[in-house]
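Residues per chain, in single letters:
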Amino acid sequence: MIPRLGALTQDTLWCFSQVKGTIEIGATEADIISTVEFNHTGELLATGDKGGRVVIFQREQESKNQVHRRGEYNVYSTFQSHEPEFDYLKSLEIEEKINKIRWLPQQNAAYFLLSTNDKTVKLWKVSERDKRPEGYNLKDEEGRLRDPATITTLRVPVLRPMDLMVEATPRRVFANAHTYHINSISVNSDYETYMSADDLRINLWNFEITNQSFNIVDIKPANMEELTEVITAAEFHPHHCNTFVYSSSKGTIRLCDMRASALCDRHTKFFEEPEDPSNRSFFSEIISSISDVKFSHSGRYIMTRDYLTVKVWDLNMENRPIETYQVHDYLRSKLCSLYENDCIFDKFECVWNGSDSVIMTGSYNNFFRMFDRNTKRDVTLEASRENSKPRAILKPRKVCVGGKRRKDEISVDSLDFSKKILHTAWHPSENIIAVAATNNLYIFQDKVN
Amino acid sequence: MSAEVPEGASAEEQKEMEDKVTSPEKAEEAKLKARYPHLGQKPGGSDFLRKRLQKGQKYFDSGDYNMAKAKMKNKQLPTAAPDKTEVTGDHIPTPQDLPQRKPSLVTSKLAG
């Protein structure tokens, strides 16, 4: 089947495909999904949760008989990536929650991914075993040792097929390099290095070396009383292995070039949108804090997410974004209560589709939003069990902002702020999306004609 | 004399009144300041950031514990109320008070 890239000139119709997880009320906190990521081919989909577990789904081969059904994702492997720890020196507990998963490009039969909690990054190898050796001389079929005196002939062990077994093994553990909490990891396009970023520092690692890393950004002030901003996200350029960006809690993005100096404290480019000082309020800085930054696949643009908007920036223009999309501007009149219940600090992520023509991000009430950069149209969809009939088309949702509420609309006051969609992922080349709604993972696909 | 708009209101006051009408954000700010008058002068500044950097609960501090033990000698250390879930503040926790942190032994329900 020819992969379909991005949105076409007509609006894409999205359909329910699958949902993973249970419906129970009051699900345990460990089940809350904390990260979702497709691998580079889209064949695998990984999730991490608050309980430190990783679940990998694999897309099944499309059957020739069922041309109208696109391949579904089934469980491929699951393992405990991180466990809760206790830092005795600082009297601090270290959460096992998986903050980010990033896949390495596939170079042999095995799959590799990086997963990280607040303090430690791990490289996991996921490999298949479908043959096992049989016919040992010194061991019998159950593995018990045979008495050599009883052996009269020798045979050569042979590999026989067995039921497929998928094993996950930790190959590297990159620990003790971060004083503060890791918020991002990013694999470099050289496939040899990667970076990990915490609130104040960014470190560069070589995949082969676990006991050393280079510090490439350090924004910790000599006097912590002077601290004004923290690093919120960081990512390597998709093609230029010397370039990376990091975003801050003040709504700015810095682009750095590692060829310029070993310590990239001085940025090469500084992206900031000028603010109208008369519009400034107590909330201004908090809602301008960038929760996610992502390069486009082309490497020409970066997208940032702050509390109320998604912005697209052209790397060649630092003084303002080229596009700004309102995610849920109606929340502006709710900022006081959102501050009181801490929702104003929620960190939403954002993603590009494969062709960089559509961007997607989550909101509350299990709503998520898509913006078509070409047609300038947007849509609000909902991840809910009510719309979970196979291939059911998702109906666009609308929030009513006061005045008369139409039948299908929902008013701002009825939104459920505990149902937040923070993590979503878009297949690298097809219109398949994965949406994490608390403890459930929804997979949607565009309508197949 | 009209009581609604004081005559001769300064341009600044007029703008403030306009802001409250036109800017929902400023209205929300006023609401917040009304509820928490002592809210930091530097919003989103050091206090808020430092709190963010210190995420992670404080539990057993062996220094405090041993100092307190030394001071009190043979006396009993004050124990936590049985319903307390968070062990912080003036109370000095003992190893028995700490909730056990166990790793997830259960497989994720996504894989079910």
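Residues numbered from 1 in each chain as written. Chains lettered and ligands numbered in written order. Predicted model: local features only at pLDDT ≥ 70, side-chain atom pairs only at ≥ 80, totals over all residues. Heavy atoms only, no water.

K.L.:
For the overall build of chain A, give the residues involved together with the corresponding values.
P.N.:
Counting its regular elements, chain A contains two helices and 32 strands. Taken over C-alpha atoms, the radius of gyration comes to 24 Å for chain A, in line with the 22 Å a tight globule of 449 residues would show. Classification of the 449 residues of chain A by burial places 51% in the buried group. The contacts in chain A between residues at least 6 apart in sequence include a share of 55% that link residues at least 24 apart. Split by element, the accessible area of chain A, about 21,300 Å² in all, is 49% carbon and sulfur. (Helix = DSSP H or I, 4+ residues; strand = E, 2+ residues; numbered from the N terminus. Rg over C-alpha atoms; globule rule 2.2 N^0.38 Å. Buried < 20%, exposed > 50% of the residue type's maximum accessible area, 1.4 Å probe, protein only. Contact = heavy atoms within 4.5 Å. Areas by Shrake-Rupley, 256 points an atom, 1.4 Å probe, with all protein chains shown as cover.)

K.L.:
Run through the environment of E275 of chain A, naming residues and quoting values.
P.N.:
All names here are of chain A. Relative to the assigned elements, E275 resides in the loop between β19 (269–271) and α1 (284–288). Since its relative accessible area comes to 43%, E275 is described here as partly exposed. When neighbours within four sequence positions are excluded, E275 is seen to be in contact with R280 and S284. Engagement of the side chain of E275 in a polar contact is seen with the side chain of R280, the distance being 3.1 Å. (Polar contact = N/O pair within 3.5 Å; in protein donor to acceptor, adjacent residues only side chain to side chain.)

K.L.:
Any chance you could break down the environment of R59 of chain A for me, citing the residues and the numbers?
P.N.:
All names here are of chain A. Its place among the elements puts R59 in strand β4 (residues 53–59). For the pair formed by R59 and R70, sequence separation is eleven residues and the distance between their alpha carbons is 9.2 Å. When near neighbours in sequence (up to four residues on either side) are disregarded, R59 contacts E43, R70, G71, E72, Y73, H427, E430 and I432. A polar contact is formed between the side chain of R59 and the backbone oxygen of G71, at a distance of 3.4 Å.

K.L.:
Describe in detail the confidence of the model for chain B, supporting the description with residues and values.
P.N.:
Residue and element names in this part refer to chain B. Mean pLDDT over chain B stands at 64; residues scoring 70 or higher make up 32%. Ranking the elements of chain B by mean pLDDT puts helix α1 (residues 11–22) last with 54 and helix α2 (residues 24–35) first with 89. Scored below 50 in pLDDT, residues 1–9 shows one contact in the model against residues more than four places distant or in partner chains. Below a pLDDT of 50 lies the segment residues 80–87, which in the model reaches six contacts outside its immediate sequence neighbourhood of four places, other chains included. Two summary scores accompany this predicted model of the complex, namely pTM at 0.85 and ipTM at 0.71. (pLDDT = per-residue confidence, 0-100.)

K.L.:
Before we move on, can you summarise unusual backbone geometry with the specific residues and values?
P.N.:
All names here are of chain A. In the Ramachandran plot, N366 falls in the positive-phi region, its phi being about 60 degrees despite a non-glycine side chain. Tracing the backbone through its elements, the reader meets N366 in the loop between β25 (358–362) and β26 (367–372). Judged by relative accessible area, which is 10%, N366 ranks as buried. With a phi angle near 55 degrees, T438 is a residue other than glycine that sits in the positive phi range. Along the chain, T438 falls in the loop between β31 (432–437) and β32 (440–446). For T438, a relative accessible area of 30% corresponds to the partly exposed category.

K.L.:
Residues and numbers for the packing of aromatic side chains, please.
P.N.:
Centre distance and the angle of the planes are the two values used to describe a pair of aromatic rings. Residues and elements named next belong to chain A. For the structure on display, the rule yields 22 aromatic pairs over all chains. Ring plane angle 75 degrees and centroid distance 6.0 Å describe the contact between F236 and F244, whose orientation is recorded as edge-to-face. When sorted by exposure, F236 lands in the same class as F244, which is buried. Through a chain of ring-to-ring contacts, three or more aromatic side chains come together here, namely F16, F368, Y442 and F444. Positioned over the ring face of Y136 is K139, at 4.6 Å from the centre of the ring. The aromatic ring of Y301 is capped on one face by R373, whose charged end is 4.8 Å from the ring centroid. (Phe/Tyr/Trp six-rings, centres within 6.5 Å; stacked < 30°, edge-to-face > 60°. Lys NZ or Arg CZ within 6 Å of the ring centre and 35° of its normal.)

K.L.:
Could you give me a rundown of the interface of chain A and chain B, with the residues and numbers involved?
P.N.:
In this assembly, 61 residues from chain A lie in contact with 37 residues from chain B. Both faces combined, the contact of chain A with chain B buries some 4,200 Å², and carbon together with sulfur accounts for 57% of it. By the criterion of area lost to chain B, the three top residues of chain A are E93, F282 and C336 of chain A, representing 16% of everything that side buries. Counting the contacts that link chain A with chain B gives three salt bridges. Between K109 of chain B and D31 of chain A there is a salt bridge, and its shortest N-O distance comes to 2.7 Å. Run the count over chain A and chain B and you get nine residue pairs in polar contact (both at pLDDT 80 or more). Put simply, the parts of the chain that give the side of chain A that touches chain B at least two residues each are β3 (44–49), β4, β5 (73–80), β7 (92–94), α1 and α2 (335–340) of chain A. Looking at the side of chain A that touches chain B element by element, the count peaks at five residues for α2 of chain A. (Buried area = accessible area lost by both parts, 1.4 Å probe. Salt bridge = Lys/Arg side-chain N within 4 Å of Asp/Glu carboxyl O.)

K.L.:
Report on the pattern of salt bridges, specifying residues and quantitative values.
P.N.:
Between side chains of opposite charge, a pair can form as their charged atoms come close. A complete count under the given rule lists 35 salt bridges over all chains for this structure. Among the salt bridges present, the one from R280 of chain A reaches E285 of chain A, with a minimum N-O distance of 3.6 Å. Classification of R280 of chain A by relative accessible area gives partly exposed; the value is 38%. Classification of E285 of chain A by relative accessible area gives buried; the value is 14%. The partner of K31 of chain B in a salt bridge is E28 of chain B, and the shortest N-O contact between them spans 2.9 Å. In this pair, K31 of chain B and E28 of chain B are both assigned in helix α2, three residues apart and thus about one turn of the helix distant. On the accessibility criterion, K31 of chain B (38% relative accessible area) is partly exposed. Classification of E28 of chain B as buried rests on a relative accessible area of 4%.

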